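# Coordinates in review
Residues per chain are reported as follows:
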There are 2 protein chains.
Amino acid sequence: MFDDFADAMGELEIGPGLFGTLVIIEANPGLKQTELAHAARLDRSSLVPALDKLEARGLVARRASAEDRRVNGLWLTPDGAALLKKLKQRVMRHEQHLASNLSADERETLIALLQRILPERR
Amino acid sequence: MFDDFADAMGELEIGPGLFGTLVIIEANPGLKQTELAHAARLDRSSLVPALDKLEARGLVARRASAEDRRVNGLWLTPDGAALLKKLKQRVMRHEQHLASNLSADERETLIALLQRILPERR
DNA sequence: TCCCAATTGTTGGATGTCAAACAAAACCAG
DNA sequence: CTGGTTTTGTTTGACATCCAACAATTGGGA
């Protein structure tokens, strides 16, 4: 599945992890790194090189918070938002390709069953 | 799920990867490392430290092949076979715990649907 | 007010994975 | 036979992840 994902992403050089990161930041502008790490099920420290990369590519900005000088607020740049839009289309294609052997009903059933074996988050 | 797996394994210090390795070796005694890597979807080189660890713990033996001196045949030691037996019980408990919210029918459905979204192996 | 505890982002060390390059051994074409 | 090609296990370097420790900052209680 990851190979398939990578194929769908093509030349854009974004893996499942960075894609998820972008999605979460888009949905929660100004999020701080600790919160993003929690949402993405990552260690705080794992995020540092990932954000370094996204920042270096001009997709995400770390903006120092005015209220709390320890905190970096995370924001998508216009470039980041534009790339994410393209990425979402490709991910959708990837998921359709992945589930192409399933009817719409079967997809719903699969997702519902998977939801029910999710352990509660610790 | 991996956390749950680790909990079920308790003090035995075997993760999903090493467990799979042991299962494959048990089912294919004398297997060579390249074949094991293929079966486990691992790189040949990734196997080296894993087998080093299993060998150091006395669970697996690398036995030089008589016909082809490049090849190491892989075998479970008696200790390895004994540990694997215990591991299988724990994995079974883990899987039952994981699927405890599903009826037997639902489990079958889930597995069948998952099978059908499996990409063909490359 | 002032010191101690908690939080935040980062660094450093460990581990597991991959890809590329390698030496030894086996295979094969002429 | 012999010289080039393939296969096998290993080493090395890159990368992502975790955990533990850290400095800077904030907050709370005596």
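Presented here is a report on the structure given in the accompanying data block.

## Quick look at the sheet that holds strand β2 (residues 60-64) of chain A
All names here are of chain A. The three strands are arranged β1-β3-β2 in an open sheet whose pairing can be described as antiparallel. Of all strands in the sheet, those bounded by a partner on one side alone are β1 (31-32) and β2. Judged from the two bridges that link them, β1 and strand β3 (residues 72-76) form a sheet pairing that is antiparallel. Residue pairing for β3: K32 is matched across the bridge by G73. In this fold helix α2 (residues 16-27) packs onto β1, β2 and β3, with an angle of close to 100° to the strand it touches most, β3.

## Regarding the interface of chain A and chain B
If you look at the interface, chain A gives 15 residues, while chain B gives 15 residues. If you list the elements that add at least two residues to the side of chain A that touches chain B, you get α1 (2-9) and α6 (104-117) of chain A. Ranked by residue count, the leading element in the side of chain A that touches chain B is α6(A), at six residues. Its residues assigned to classes, the side of chain A that touches chain B shows eight nonpolar, two polar and five charged.

## Here's the deal with the relation of the copies chain A and chain B
Of the two same-sequence chains, chain A is brought onto chain B (RMSD 0.0 Å, axial shift 0.0 Å) by a rotation of 180°. Both copies of the chain, as the preceding transformation shows, are related through a two-fold rotation axis. Considering only C-alpha atoms, the part of chain A nearest the rotation axis is L110(A), at 3.1 Å. Interface overlap between copies is the fraction of interface residues in one copy that are interface residues in the other; for chain A against chain B it reaches 100%, indicating a shared surface.

## A word on the protein's contact with DNA strand C
Near DNA strand C you find 19 residues, and of these T34(A), S45(A), D43(B), S46(B) and R69(B) are the closest. Looking at the surface near DNA strand C, the elements that each hand over two or more residues are α3 (33-39) and α4 (44-56) of chain A together with α4 (44-56) of chain B. When residues in the surface near DNA strand C are grouped by element, the largest group, four residues, is from α4(B). Grouping the amino acids of the surface near DNA strand C by side-chain chemistry returns five nonpolar, seven polar and seven charged.

Cut-offs and rules
- Numbering of residues begins from 1 in every chain and follows the order in which that chain's sequence is written.
- Working convention: letters from A go to chains and numbers from 1 go to ligands, in the order in which they are written.
- Only residues with pLDDT of 70 or above have their local features reported here, since the model is predicted, and side-chain atom pairs are shown and tallied only from 80 upward, although totals for entire chains, interfaces and linings are computed over all residues.
- Any two strands with at least two DSSP-identified bridges between them are counted as paired.
- Runs of E in the DSSP output that reach at least two residues are strands. Runs of H or I that reach at least four are helices, and both are numbered from the N terminus.
- Our contact criterion uses C-beta atoms placed from the backbone: two residues qualify when those atoms are within 7 Å.
- Working convention: axes come from line fits to C-alpha atoms, limited for helices to the stretch in contact. Angles between N-to-C directions cover 0 to 180 degrees.
- In this classification, the charged set is Asp, Glu, Lys and Arg, the nonpolar set is Ala, Val, Leu, Ile, Met, Phe, Trp, Tyr, Cys and Pro, and all remaining amino acids, among them Gly, are polar.
- Superposing copies: least-squares fit, C-alpha atoms only, residues required to have pLDDT of at least 70 in both.
- Residues are counted as near a molecule or strand when the C-beta atom, derived from backbone positions, lies within 6 Å of that molecule or strand.

In short, the description is geometric, and any link to function would need to be established separately.
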